[in-house]
Amino acid sequence: MPTAHNRDPRPRGTPRTPQSKRISDLLKGSSAAFLWRVLGAGAAIGVQIFIARRVGEEAFGDFAFALAILGIFSLLTRLGLGTSLLRFIGQYRAQGARDLLAGLLYSSLAAVLVTATFCAWGGAWTLGYLRGILSFGQLAVLGTAAWMLPPLAVMGIAQSILLGFKRIGPAVFSVQIARPFFLVAALTFLIRVPGLAPDAQTAIKAETIAVTLTVAVMLVLAGWFVRGAVDWRTPRFSSREWLVVSVPLLLVTGLQVVFNQTDIIMLGSLTTSGETGVYAAAARTARLVLFGLTAINSAAAPMIAEAYHSGRMKDMDAVLRLIARILLAFTFGMAVLFILGGRHILGLFGPEFGAGYGPLLILMAGQAFNSLCGPVAYLLTMTGNQNIAARV
């Protein structure tokens, strides 16, 4: 006989289906991630507009050029652990392996920090050999940006940890809201310091401060949220398995970042800084089409891993069908927005940025196709098919 304490409040005959609960979890997680990312995207675009108006077209081009190169090296120094963390955290939580979770988090943070620090030192040292290939302004900005690499790499790992434990709000808030806030505050302070000009190098210094503060916030949040799920006293390590999975994922995610940044790097090397700045504004605006996909991925990745490793294939199928419908509606709406209002959006960066409307439409078409394909890379990597994803 059910008591008042444990009686099911739903009407009699209503089935308690795990599948409907998974869909509900996806909608809740995706909605939270979507709202945070809407705010974050607004903050990110606002920050880019703020920087472009403060430093000018050419300095913004050098700033974007340095961040594009830094983005590639940041991903490489994560060793593929950013994505594999999502899979293994979901798997170990489903299995109740608290000791393996501790070993995974320990080794991931340590390996990435050491690798990124070494790469930062090596990158700063090798810049002297690029004289004559890059401009003096680009070399100066890259020399400053090199020391952003360790906190930037750790930030990616901390975000993966939060996402793996389904703490989507804190993960997105830290990167999408807190980081832009810190950047605006740091840049506003630095350009008032005597001797510091409002240029690309000052903007990179402000970005470094912002990333460092964001990492501190994320590590505190990660420590708080995982404290009951991880056995820190007796960590167990499965380094070989983690390495076997992470290396293909490094290839997958590394090539994705290279594809996303190659255009800006090529323009920075072959054309003027002003043209690079205009194109960078168009490219970053076009990525807003991926809002829906990135929000869905934040919630879907750990759910796919848990459902697969628990044998709930019907749950996973229902989740993926729902994702397809959501992405179709969202992508169509964003495409209409950019076609009708793209020139006005780019004009917010400055009057000279309106020349990027043509590239904006081309890039938007590519990002729309990407979004409509859904979380196919996560579907493969979260189900143990990372080698297939790497070959594709």
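Because the structure is predicted, anything quoted here is derived from the model rather than measured.

Caption draft 1: Main features of the overall build of the protein. Per the secondary structure count, the protein includes 15 helices and zero strands. Relative to its 392 residues, the protein shows a buried fraction of 50%. Put simply, of all contacts in the protein between residues at least 6 apart along the chain, 84% involve residues at least 24 apart. Carbon and sulfur atoms provide 67% of the accessible area of the protein, an area that totals close to 18600 Å².

Caption draft 2: Fine view of the confidence of the model for the protein. Within the protein, residue pLDDT values average 79, and 88% of them lie at 70 or more. Mean pLDDT across the elements of the protein bottoms out in helix α1 (residues 18–55) (66) and peaks in helix α8 (residues 200–225) (90). Under a pLDDT of 50 for its full length, residues 1–17 has, in the predicted model, four contacts with residues more than four places off or in other chains.

Caption draft 3: Representation of the pattern of salt bridges in the model. What the rule picks out here adds up to three salt bridges. With its nearest N and O atoms 2.8 Å apart, the salt bridge here joins Asp-99 to Arg-236. Taken together, the positions of Asp-99 in helix α4 (residues 98–126) and Arg-236 in the loop between α8 and α9 (239–270) put the pair 137 residues apart, joining distant regions of the chain. A salt bridge links Arg-179 to Glu-207, with the shortest nitrogen-to-oxygen separation between them at 3.1 Å. In this pair, Arg-179 sits in helix α7 (residues 168–190) while Glu-207 sits in helix α8, placing the two residues 28 residues apart along the sequence. Each member of the pair, Arg-179 as well as Glu-207, is classed as buried.

Caption draft 4: Representation of the layout of surface pockets. One number sums up the size of the second largest pocket: a volume of about 260 Å³. Ile-69, Phe-73, Gly-123, Leu-127 and Ala-146 are, among the 15 residues lining the second largest pocket, the residues nearest its centre. Contributions of two or more residues to the lining of the second largest pocket are made by α2 (57–77), α4 and α5 (136–145). The greatest single-element share of the lining of the second largest pocket, amounting to five residues, is contributed by α4. Tallied by class, the residues present in the lining of the second largest pocket amount to 13 nonpolar, two polar and no charged.

Caption draft 5: Structural context of the packing of α7 against α8. Between α7 and α8, whose axes approach to 8 Å, the crossing angle comes to 145 degrees. For the pair α7 and α8, the crossing hand works out as right-handed. Class assignment of the residues belonging to the contact of α7 with α8 gives a composition of 19 nonpolar, three polar and three charged.

Caption draft 6: Region of the structure containing the nonpolar core. The biggest cluster of nonpolar side chains holds 111 residues, and the ones touching the most others in it are Ile-51 and Phe-60. In contact with Phe-60, other than residues within four places in its own chain, are Gln-48, Ile-51, Ala-52, Val-55, Gly-277, Ala-280, Ala-281, Arg-284 and Phe-353.

Caption draft 7: Layout of a nonpolar patch on the surface. A surface patch of nonpolar side chains, about 430 Å² in accessible area, is lined by Phe-332, Val-336, Ile-339 and Leu-340. Position of Ile-339 among the secondary structure elements: in helix α12 (residues 313–347). You can call Ile-339 partly exposed: its relative accessible area is 45%.

Caption draft 8: Spatial organisation of the side chain of Ser-84. Within the element layout of this structure, Ser-84 appears in helix α3 (residues 81–95). Classification of Ser-84 as buried rests on a relative accessible area of 1%. For Ser-84, the residues in contact, after removing those within four places along its chain, are Val-245, Ser-246 and Leu-249.

Caption draft 9: Region of interest: the packing of aromatic side chains. Inspection of every chain in the model, using the stated rule, returns eight aromatic pairs. Consider the rings of Phe-237 and Trp-242, whose centres lie 6.5 Å apart with planes at 70 degrees: the pair is edge-to-face. The class of Phe-237 is partly exposed, set by a relative accessible area of 46%. Owing to a relative accessible area of 4%, Trp-242 belongs among the buried residues under this scheme. Grouping aromatic residues by their ring pairs yields a cluster made of Phe-60, Phe-63, Phe-349 and Phe-353.

Cut-offs and rules
- Residues numbered from 1 in each chain as written.
- Predicted model: local features only at pLDDT ≥ 70, side-chain atom pairs only at ≥ 80, totals over all residues.
- Heavy atoms only, no water.
- Helix = DSSP H or I, 4+ residues; strand = E, 2+ residues; numbered from the N terminus.
- Buried < 20%, exposed > 50% of the residue type's maximum accessible area, 1.4 Å probe, protein only.
- Contact = heavy atoms within 4.5 Å.
- Areas by Shrake-Rupley, 256 points an atom, 1.4 Å probe, with all protein chains shown as cover.
- pLDDT = per-residue confidence, 0-100.
- Salt bridge = Lys/Arg side-chain N within 4 Å of Asp/Glu carboxyl O.
- 1 Å grid on protein atoms, 1.4 Å probe; cavity = no way out; pocket = protein on both sides within 12 Å on 5 of 7 lines; lining within 4 Å.
- Points joined across faces, edges and corners; volume = space filled by probe spheres on them.
- Nonpolar A, V, L, I, M, F, W, Y, C, P; charged D, E, K, R; others polar.
- Axes fitted to C-alpha atoms, helices over the stretch in contact; angles between N-to-C directions.
- Left-handed = near helix turned anticlockwise from the far one by under 90°.
- Core = buried A, V, L, I, M, F, W, Y, C linked by side-chain atoms within 4.5 Å.
- Patch = residues over 30% accessible without salt bridge, like charges linked within 9 Å, V, L, I, M, F, W, Y side chains within 5 Å.
- Phe/Tyr/Trp six-rings, centres within 6.5 Å; stacked < 30°, edge-to-face > 60°.

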